[in-house]
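Descriptive structure summary
The chain contents come next:
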Amino acid sequence: MSKTNQGNFLEDFRLGQVIRHATPRTVTEGDVALYTALYGSRFASHSSAKFAVAIGLAEKGRAPVDDLLAFHIVFGKTVPDISLNAVANLGYAAGRFGVPVFPGDTLSAISTVIGIKENSNRQTGVVYVRTTGLNQRGETVLEYIRWVMVRKRDPNATLAETLVPELPAAVAAADLILPAELQLERYDTILAGSPYLWDDYAPGERIDHVDGSTIEEAEHMMATRLWQNTARVHFNQFTEGQGRFGRRLIYGGHIISLARALSFNGLGNAFKLVAINGGRHANPTFAGDTIFAWSEVLEKIEIAGRTDVGALRLRLIATRDRPCADFPLFADNGRDTDPAVVLDFDYTVLIPRRKG
């Protein structure tokens, strides 16, 4: 009997199945430094302990880690059980960030299968899971739904159950979780690097983030290992060299973090993620691609009982080898996604409001 983990294939999943993922991961200051080295994120609340203390986000004088760093760690826990045999990670929905994560916290993950559907080719199908990331106290740091195209072990196998779950278009304003001690009276826009606050944005506004970031082979490989992501498509050139593209695919979360870091130029005060409303990886990316990004403001959200902070629902588009001055999204036919677009990500952030 083989003692190695071959991962789950489509026919191994069952509706309602609960999977406790292995290898809890303790977050360290080294993770924070590596995250900055990989993506160059400059949001002040994660960069400066003093800044975090001033706005009530700190714990024992320490700044919280970047919200997406926590996302990557939780996501990585799920890969050996959910997407080791994946063809592609297709999308996200209903994501909420809970209590902040600090160096020293230990994160673990648990997933529940909420949907399964076989594709017409009978070679693959789609699995929907709801994943919850927990800290060492059992507090939720993150929850989200994702769906993944997974190979079948046996094309002739029949699935016991089929269900495509209904997914919300966005996380409702009433369901957004704000850090308990958050107070923005002492928020310093000069130190944060941008004068633009919640009041300065309007629905429908588009922002070209201008800068680009080229992905190096060593960087995406380091990120894949850092998040303990064991999906072969990201790290095994021996097998991927014989595959469809002839090379390793970049982990999709790597693109999310690069695009989020690029968005600082235009959204420098969007200091905290509170929701992942939806998203998809529209096209693959590879080492050597240069990532650009632009954002559209989808919605301005009032926070009940708060006059110091509001929320923006944003659509973040990332492209490869194409600057975004003309806000690329659709191909010439107006329907299909432009082949340069690699990420279409719908998320909600907190941003300070003007005083008075």
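For the structure itself, look to the data block above.
A few points on the structure. Fair warning: this is a prediction, and the values are worked out from it, not measured in the lab.

**Things to note about the pairing of strand β9 (residues 272–280)**
Among the 9 residues of β9, 8 are classified as buried, and the element is accordingly described as predominantly covered. The pairing of β9 with strand β12 (residues 341–352) spans 7 bridges and is antiparallel. Residue Gly 279 lies in a different strand from β12, and its bridge partner there is Phe 345.

**Comments concerning the layout of surface pockets**
Estimated volume of the largest pocket: approximately 920 Å³. Contributing to the lining of the largest pocket are 35 residues, with Ala 86, Val 87, Ala 88, Val 233 and Leu 249 lying nearest its centre. A breakdown of the residues in the lining of the largest pocket according to their chemical character gives 19 nonpolar, 11 polar and 5 charged. For the second largest pocket, the calculated volume is near 240 Å³. Val 32, His 46, Ser 47, Ala 63 and Pro 64 are, among the 17 residues lining the second largest pocket, the residues nearest its centre. Listing elements by their share of the lining of the second largest pocket, those giving two or more residues are α1 (29–39) and α2 (44–47).

**Section: the pattern of salt bridges**
Enumeration over the complete set of coordinates arrives at 16 salt bridges. When the shortest N-O distance is used, the salt bridge between Arg 137 and Glu 139 registers 3.0 Å. The class of Arg 137 is partly exposed, set by a relative accessible area of 48%. Judged by its relative accessible area of 30%, Glu 139 is partly exposed. The salt bridge involving Asp 326 is made with Arg 322; its shortest N-O contact spans 2.6 Å. One network of salt bridges, in which partners are shared, links Glu 118, Arg 122 and Lys 152.

Rules used in this analysis
- Residues numbered from 1 in each chain as written.
- Predicted model: local features only at pLDDT ≥ 70, side-chain atom pairs only at ≥ 80, totals over all residues.
- Heavy atoms only, no water.
- Buried < 20%, exposed > 50% of the residue type's maximum accessible area, 1.4 Å probe, protein only.
- Helix = DSSP H or I, 4+ residues; strand = E, 2+ residues; numbered from the N terminus.
- Pairing = 2+ DSSP bridges.
- 1 Å grid on protein atoms, 1.4 Å probe; cavity = no way out; pocket = protein on both sides within 12 Å on 5 of 7 lines; lining within 4 Å.
- Points joined across faces, edges and corners; volume = space filled by probe spheres on them.
- Nonpolar A, V, L, I, M, F, W, Y, C, P; charged D, E, K, R; others polar.
- Salt bridge = Lys/Arg side-chain N within 4 Å of Asp/Glu carboxyl O.

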